Amino acid sequence: MGAHRRKCDWCGSGTPIVRDMDPVNPDYQYWCEECAQALVIKGDPIETYRELEGEPIYGRLLEEHCTLKRFYSFATA
């Protein structure tokens, strides 16, 4: 299944913008912007991730909403 056809693993309807490269539950790897933002705001951000849209959308969410200064890893290929 191509990335453009995949849906968010949490809500089942949004287009994923980020992939969790080290998920606690492998059923939840792909996250749309709204669900990813909810994770960040809740205080449970994805720590090792890959941006899917070519833009740092998730990185911006971390910058805007994450108050804890933790280390996050952008995974490449």
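Heads up: the structure comes first, above all this text.
Scope of this entry: the structure provided in the associated data block.

Some words on the overall build of the protein
So, point 1. For the protein, the helix and strand inventory stands at two helices and four strands.
So, point 2. Put simply, the protein runs from its N terminus to its C terminus through helices and strands in the order β-β-α-β-α-β.
So, point 3. For the protein, the residues scored as buried account for 32% of the 77 residues in total.
So, point 4. In the protein, the share of contacts with a sequence separation of at least 24, taken over all contacts with a separation of at least 6, comes to 47%.
So, point 5. Entry remark: accessible area of the protein is about 5,300 Å², with carbon and sulfur atoms responsible for 49%.

As for the packing of aromatic side chains
So, point 1. One pass over the full model with this rule turns up four aromatic pairs.
So, point 2. Ring centres of Tyr28 and Trp31 lie 6.3 Å apart, and the angle between their planes is 35°; on these two criteria the pair is classed as tilted.
So, point 3. A residue is classified by how much of its surface remains accessible, and Tyr28, at 30% relative accessible area, is partly exposed.
So, point 4. The aromatic ring of Tyr30 is capped on one face by Arg6, whose charged end is 3.9 Å from the ring centroid.

What counts as what
Residues numbered from 1 in each chain as written. Predicted model: local features only at pLDDT ≥ 70, side-chain atom pairs only at ≥ 80, totals over all residues. Heavy atoms only, no water. Helix = DSSP H or I, 4+ residues; strand = E, 2+ residues; numbered from the N terminus. Buried < 20%, exposed > 50% of the residue type's maximum accessible area, 1.4 Å probe, protein only. Contact = heavy atoms within 4.5 Å. Areas by Shrake-Rupley, 256 points an atom, 1.4 Å probe, with all protein chains shown as cover. Phe/Tyr/Trp six-rings, centres within 6.5 Å; stacked < 30°, edge-to-face > 60°. Lys NZ or Arg CZ within 6 Å of the ring centre and 35° of its normal.

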